[in-house]
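Read off the chains here:
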Amino acid sequence: MAWGRLRRKRDMPGGLWSKCKDCGALIYTKELAEKLHVCPKCGFHHTVSGRRRIEITADPGTFEEEFTDLQPRDRLDFVDTIPYAEKLVLAQEKTGQADACFAGTCRIADHPVVLAVLDFSFMGGSMGEVVGEKLARAIELAEEKKLPIVIFSASGGARMHEGAISLMQMAKTCAALQHYRHNGGFSISVLTNPTTGGVTASFASVCDVMIAEPKALIGFAGPRVIKNTIRQDLPEGFQRSEFLLDKGQVDLITLREQMTETLGRILAYTPHARKQPYAS
Amino acid sequence: MVKNEPAPRPSHHVLPFEQPIEDVRRRLHELEDLATQTAHDLSEEIEFYRDRLQRLTREVYADLTPWHRVQVARHPQRPLTSDYMRHLFTDLVELHGDGYFGDDKAILTCLATLRGRRLLLIGHRKGRDTKDRLSCHFGSAHPEGYRKALRKMHLAERLGLPVVCLINTPGAYPGVGAEERGQARAIAENIFQMFRIRVPILVVVIGEGGSGGALGIAIGDRVAMLENSWYSVISPEGCASILWRSAERKEEAATALKLTAGDMHRLGLVDEVIAEPVGGAHRHPHEAMERVADRLEEWLDQFCAVPVDQLLEARYRKFRDIANLEASAQVAAQAAAELDQEASVHDPDAETAPEEHPAD
C-alpha cells in the first residue's frame, strides 16, 4: 500500500552516471547494468524492472510470455489528485506495459518453470486485479503443466485505487497457491527490494521456499507507519533481509549474480527434476 | 424494531450528523419527564415527538455518506465481539494462546453455542474502556493473534465444529515486535490455510474490516457485512495520508474506496448485507445482534449439510473468481434466469450461493 510514497524514489536515474541509493557512490551507468544493478562499491541491490529481471534470471531466449491480454480497469471511478484511469495511462506510457506483472514459462538453469515477476516501475508494483489474476493464472498454468513456479516480488502492496478488489487479490492468489500445493505443486518466492503490505501478507509469504536478495526492505507495515505508531526510531537494519533471516522469516539470502544458479540448485531437488511421480 | 422500545437515553455518544436526531430526542425526554411530574396530559405532544424522532432517524440514516458509516462502525456504543459473546452465545469456553509465543488479546477464540449449535467463535476484540482497549491494541492483532486463530481452527476441524468469525479491526498492528515475529507471514498463512479448513467458516464484518488484519480471519463460505460496517484495503485515514498527503481528506478517501457494505456487495466482494435496525446497531444493540444470530443460524444449518469436499471447492471457487467481472456477470445472469423461473418468490440467497459460482 505504500507505493505512492516509494514511487517518488525514482528507478535508476538515467544518464551516463548513476548514484547508488545506499552509499551514494557515483557509478558509470553501463557498469552498473553489467553488474546486474548491484553497486560495485557497497553491494546494494537496486530495484530492477520486470523485463530486466526476466532477462537476468531466465536462460537466454527461453521466456515465453503468457496472459498478455489482461488490461487494468478503473472499476471504482477512483479519483484522488487525478483519476486512476489517467494514472493507468501514464504508467502504461511510462513503462510500455499493461500492468505491474509479467508471467510465462521459461527455463532457469535448464529447469523448466513458470516464472512470474512483479514490476516495481509500474505504480510501485502494486497488486490490483490484473496482477492478482495474472499470478493466479500463472499458478494454474504451473499446476496444469506440472511445473514448479518461481515468483519474484517487488511491490508496495495492494493497489489502493482498486479498493477492496485489490484486497481480495490476496485471497485469490492464496486460493490458487493452496490448490496448486494440494495437487503437488512446488513454489519459490523471491523477495526483492522493496516488498511490503498485501503482497508480503499473501502469496509472497506462503511459497515453499522463500529467498531474499540482500538488504531488501521486506515487511508488512511500512517503516514510516511503524515509526508513527510507536514514536521511536527503528532499530538498525529493521525489516531488511538480514533481519528477516535472523528472525527466521526467510529461508536464505542470495546475491543477484548467484540467483539463477541457486534457483537451479533448489529446483534440482523437486520431484519435477528428479523425474519422480508428482507427489499429491 | 421492538415497538414502543424507549428511545435510548443520553450518556449516548452523539455523532455530528446525528445532532438533529439528538435535539428531537432531548425534547421528547423533557416532555416525558414533565408528564410524570405534572398532571397535564401531554400524550399528544409526546406522540408527535415520538413519531418525529422515528421519522427523522429514518431520514438521516437513509442518507448516510460513506464517512458517516465509518463513524457509525466505530461508534463507542456499537456492539463488540464481547457483546455478541455475552448476548448470543452460551456454554462458552475461552481458549487462549497460540501455543508458541503468547496470547494476543486482540483476537478472541472461544468454544461457544449459538441457539443449540456448537461451534468455534473467533472475533477481533476491541475493548470498551481505555484499559481494555489498550490491552488489545484497539483491536489490532499481532502475529500471535492470527496463529492462535489458526490453531483453534485446526481444533475445530478435528472436533467437526463450524467456525464463526466476527470481524472488527482497524488493521493488523504495525509495530516492531509484530514485524519481528512475521506479521505478514502470519496473515498470509491464515488466508492460505483457511482454504483447507474442513468445516464451514462463516464470517460477519460487525464493525471495521481493516485490510489484511481483517482478511486474516475472513476467508469464509459465507461473508456478510452489517449495514454500517466498512471493509477496505486501507483505512480512509491511511489512504488519505498517502494519496492526498493529508489524513484530513479521509471523507473523500472513504467515498473513493467504496468501502460500505452496499458497495462491497455490489462489487461482488461480500455475499450479503445484514440490515441494521433504523438508527444503527448502537441504538438497538440487542436487535442488531439478534439479526446477526438469525443469519448465522440459517447458514450454520445450510453449510453444515454440504459435503465437505464440495464446501472446500466452493470456497476456493468463490475467492478464485472474486470480483472477476466475467464470472460475476455469469453469476448475475444465472441468478436473473433463476429469478425469472421463480418469478413470485424472491430468495436473496439464491443469487450468491457459493456452490453456484460457475467455473471461470
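**Q** Describe the overall build of chain A, with residues and values.
**A** Within chain A, the secondary structure is distributed over 11 helices and nine strands. Taken over the C-alpha trace, chain A has a radius of gyration of 18 Å; the compact-globule value for 280 residues is 19 Å, and the two agree within 12%. Considered along the principal axes of its C-alpha atoms, chain A spans approximately 50 × 45 × 40 Å. Per-residue burial over chain A gives 60% buried out of 280 residues. Contacts spanning at least 24 positions in sequence make up 68% of the contacts within chain A whose residues lie at least 6 apart.

**Q** Go over the overall build of chain B with me, naming the residues and quoting the values.
**A** Scanning chain B from terminus to terminus reveals 16 helices and eight strands. Sorting the 360 residues of chain B into buried and exposed places 56% on the buried side. Long-range pairs, those at least 24 residues apart, make up 71% of the contacts in chain B with a sequence separation of at least 6. A total accessible area of about 14,900 Å² is found for chain B, and carbon and sulfur atoms account for 52% of it.

**Q** Go over the domain arrangement of chain B, please, and point to the residues and values.
**A** All names here are of chain B. Domain annotation for chain B reports domain 1 (13-25 + 46-63) and domain 2 (77-321). Look at where the C-alpha atoms of domain 1 and domain 2 centre, and you get two points 31 Å apart. Contact with domain 1, which involves seven residues of that partner, is made by seven residues of domain 2. Both sides of the domain 1 and domain 2 interface together cover about 560 Å² of buried area, and 50% of this is carbon and sulfur. Broken down residue by residue, the surface that domain 1 buries against domain 2 is led by His13, Thr57 and Tyr61, which jointly contribute 58%. Along the contact surface separating domain 1 from domain 2 lie one salt bridge. The shortest N-O distance in the salt bridge between Glu18 and Arg283 comes to 2.4 Å. For the pair domain 1 and domain 2, the interface holds five residue pairs in polar contact (both at pLDDT 80 or more). Counting residues per element, the side of domain 1 that touches domain 2 draws most heavily on helix 2 (residues 43-62), which supplies three residues.

**Q** Please provide a residue-by-residue account of helix 1 (residues 19-37) of chain B, values included.
**A** In an α-helix, one turn spans 3.6 residues, which is why side chains three or four residues apart end up on the same side. Residue and element names in this part refer to chain B. For helix 1, spanning 19 residues, the distance from its first C-alpha to its last is 27 Å, which sits close to the expected 27 Å at 1.5 Å a residue. Along helix 1, the residues that are buried comprise Ile21, Glu22, Val24, Arg25, Leu28, His29, Leu31 and Glu32. If you follow the buried residues of helix 1, they end up packed against helix 2.

**Q** Can you lay out the domain arrangement of chain A for me, pointing to particular residues and giving the numbers?
**A** Residue and element names in this part refer to chain A. Each assigned domain of chain A is listed here: domain 1 (6-44) and domain 2 (47-275). At the interface, eight residues of domain 1 touch 12 residues of domain 2. When the two sides are added together, the surface that domain 1 and domain 2 hide from each other amounts to roughly 1,100 Å², 59% of it contributed by carbon and sulfur. Viewed at the interface, domain 2 and domain 1 are joined by one salt bridge. Taken together, the connections running from domain 1 to domain 2 amount to four residue pairs in polar contact (both at pLDDT 80 or more). Taken together, the residues that form the side of domain 1 that touches domain 2 break down as five nonpolar, one polar and two charged.

**Q** Now, about the interface of chain A and chain B: what can you tell me, with residues and values included?
**A** With 58 residues of chain A at the interface, the matching set in chain B holds 48 residues. Both faces combined, the contact of chain A with chain B buries some 4,700 Å², and carbon together with sulfur accounts for 67% of it. For the chain A face of the interface with chain B, the top three residues by lost area are Met168(A), Gln178(A) and Phe220(A), together amounting to 14%. At the boundary of chain A and chain B, one finds three salt bridges.

**Q** A description of the packing of helix 3 (residues 66-73) of chain B against helix 11 (residues 250-257) of chain B should follow, citing residues and the corresponding values.
**A** Residue and element names in this part refer to chain B. Here helix 3 crosses helix 11 at 100°, and the two axes come no closer than 8 Å. Compared by their axis directions, helix 3 and helix 11 come out roughly perpendicular. Contact residues: Pro66, Trp67 and Val70 in helix 3; Lys250, Glu251, Ala254 and Thr255 in helix 11.

**Q** So what about the environment of Leu259(B)? Which residues, and what values?
**A** Residue and element names in this part refer to chain B. Relative to the helices and strands, Leu259 resides in the loop between helix 11 and helix 12 (261-266). Note on Leu259: relative accessible area 1%, which makes it buried. On a C-alpha basis, the gap between Leu259 and Tyr231 in space is 5.3 Å, while along the polypeptide they are 28 residues apart. The contact partners of Leu259, leaving out residues within four places of it in the chain, are Pro66, Val70, Met225, Ser229, Trp230, Tyr231, Ser232, Pro236, Ala254 and Met264.

**Q** Give me a nonpolar patch on the surface: which residues, what numbers.
**A** Residues and elements named next belong to chain A. Residues Leu16, Trp17, Leu26 and Tyr28 make up a contiguous nonpolar surface patch of roughly 460 Å² in combined accessible area. In this structure, Leu16 sits in the loop between helix 1 (3-7) and strand 1 (17-19). For Leu16, a relative accessible area of 56% translates into the label exposed.

**Q** Quick one: what's the story with the environment of Lys21(A), residue by residue and with numbers?
**A** In this structure, Lys21(A) sits in the loop between strand 1 and strand 2 (26-28). For Lys21(A) and Gln178(A), which are 157 residues apart along the polypeptide, the C-alpha to C-alpha distance reads 37 Å.

**Q** Help me get a handle on unusual backbone geometry, residues and values and all.
**A** Glycine aside, negative phi is the norm for most residues, and most peptide bonds take the trans geometry. Cis geometry is found at the peptide bond from Asn193(A) to Pro194(A), where omega equals -15°. Along the chain, Pro194(A) falls in strand 7 (residues 187-195). The backbone phi angle of Phe138(B) is positive, close to 55°, even though this residue is not glycine. Here Phe138(B) lies in the loop between helix 5 (130-135) and helix 6 (143-159). At Arg245(B), a residue that is not glycine, the phi angle is positive and equals roughly 60°. As for its placement among the helices and strands, Arg245(B) is situated in the loop between helix 10 (236-244) and helix 11.

Procedures and definitions
- Here the residue index of a chain counts from 1 through its sequence in written order.
- Throughout, the order in which chains and ligands are written sets their labels, letters from A for the former and numbers from 1 for the latter.
- Local features in a predicted model are, by the rule used here, given only for residues with pLDDT of at least 70; side-chain atom pairs are given and counted only at 80 or more, and totals for whole chains, interfaces and linings are based on all residues.
- Side-chain numbers here rest on the full set of heavy atoms in the structure, without hydrogens or water.
- Helix and strand labels come from DSSP, where a helix needs a run of H or I of at least four residues and a strand needs a run of E of at least two; each type is numbered from the N terminus.
- Two things to know: the radius of gyration comes from C-alpha atoms, and the globule rule equals 2.2 Å times the number of residues to the power 0.38.
- When a residue's accessible area, from a 1.4 Å probe over protein chains only, is under 20% of the maximum for its type it is buried; when over 50% it is exposed; and in between it is partly exposed.
- What makes two residues a contact is simply this: any of their non-hydrogen atoms within 4.5 Å.
- For the area figures, the Shrake-Rupley method with a 1.4 Å probe applies, and any residue is considered shielded solely by the protein chains shown.
- For the domains described, the bounds stem from an automatic or database domain assignment.
- Once two parts are brought into contact, the accessible area they lose, counted with a 1.4 Å probe and summed over both, makes up the buried area.
- Definition used for salt bridges: Asp or Glu carboxyl oxygen within 4 Å of a side-chain nitrogen of Lys or Arg.
- Counted as a polar contact is a pair of N or O atoms within 3.5 Å, where, for protein atoms, one must be capable of donating a hydrogen and the other of accepting one, and residues adjacent in sequence contribute only when both atoms are in side chains.
- Expected helix span is computed as 1.5 Å times (number of residues minus one).
- Polarity classes work like this: nonpolar for Ala, Val, Leu, Ile, Met, Phe, Trp, Tyr, Cys and Pro, charged for Asp, Glu, Lys and Arg, and polar for all others, with Gly in that last group.
- Lines fitted to C-alpha atoms define the axes, with helix axes restricted to the stretch in contact, and inter-axis angles between N-to-C directions lie between 0 and 180 degrees.
- When describing relative orientation, an angle under 35 degrees is termed roughly parallel and one over 145 degrees roughly antiparallel, while 65 to 115 degrees is termed roughly perpendicular and anything else oblique.
- Distance thresholds for patches are 9 Å for like charges and 5 Å for nonpolar side chains (Val, Leu, Ile, Met, Phe, Trp, Tyr), applied to residues having over 30% relative accessible area and no salt bridge.

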